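Residue-level structure breakdown
Chain by chain, the residues:
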Amino acid sequence: MASTLDSVSWLYGDIDGGDGDFGGDEDRDVDDATERRYDNKDSVILLVDCTLPMFQPADDDEEGCCFELCLKCAKSVLMNKIISSDKDLVAIVLFGTEKHKNSSDFKHVYVLQDLDQPDAERILQLERMLDDADFRKFKKDYGHNSSFSLSDVLWCCSIIFSNRLKNWMIAMSKSLLPDSTSSTCRLPMTCGS
């Protein structure tokens, strides 16, 4: 029986560090800045297609265009997160734009709102965009371009997650991609990261 216990101790090492303190911190050299923190947060990146077909009027049953519906959905997500779980993180990334703004300089990918906790200013930004009925200001500020790379869009999301969450263990990270066509991507509409 002693040989079995010795082999377990050898395979797994001394659980208590050999000093009988069972995990005492006084002898540990750990940099607090690099320690992972555990939290019960979710993080979501909402991807919004900004190509011209998204701005065409939707079916007769619905008002507005698909882009408008996406903005309303994003606004609703932000409002729900504020009420139900204000510690969660949300980002909004536009793709298919003429202009670009992201940390990796991917063309036609514009990070409208960085991954952060939702607040009133973020909702007001979406409301201002929705108030522009024909989206002329959007066309002027961001433009349209259909020559984007979906792999660049998803890679940008991965970078956003890794940069923002490098010291956090998040319950769930996901990117949501609503779309008006079936040809944009043959992947499921929810791409987990």
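**Quick look at the overall build of the protein chain**
Secondary structure assignment for the protein chain yields 5 helices and 7 strands. What you see in the protein chain, going N to C, is helices and strands ordered as α-β-β-α-β-β-α-α-α-β-β-β. Within the protein chain, the proportion of its 193 residues that are buried is 35%. In the protein chain, the share of contacts with a sequence separation of at least 24, taken over all contacts with a separation of at least 6, comes to 67%.

**Some details on unusual backbone geometry**
Unusually for a residue other than glycine, His-108 sits at a positive phi of about 65°. By the element assignment, His-108 lies in the loop between β3 (89–95) and β4 (109–116). Positive phi values are uncommon outside glycine, yet Phe-135 reaches one of about 60°.

**Looking at the pattern of salt bridges**
When their charged atoms lie close together, side chains carrying opposite charge are able to pair. Taken as a whole and judged by the stated rule, the model has 6 salt bridges. The salt bridge involving Glu-127 is made with Lys-75; its shortest N-O contact spans 3.1 Å. Linking Glu-127 in helix α3 (residues 120–131) with Lys-75 in helix α2 (residues 66–84), this pair joins segments that are 52 residues apart in sequence. With relative accessibility at 25%, the residue Glu-127 sits in the partly exposed group.

Reading guide: rules and limits
Residues numbered from 1 in each chain as written. Predicted model: local features only at pLDDT ≥ 70, side-chain atom pairs only at ≥ 80, totals over all residues. Heavy atoms only, no water. Helix = DSSP H or I, 4+ residues; strand = E, 2+ residues; numbered from the N terminus. Buried < 20%, exposed > 50% of the residue type's maximum accessible area, 1.4 Å probe, protein only. Contact = heavy atoms within 4.5 Å. Salt bridge = Lys/Arg side-chain N within 4 Å of Asp/Glu carboxyl O.

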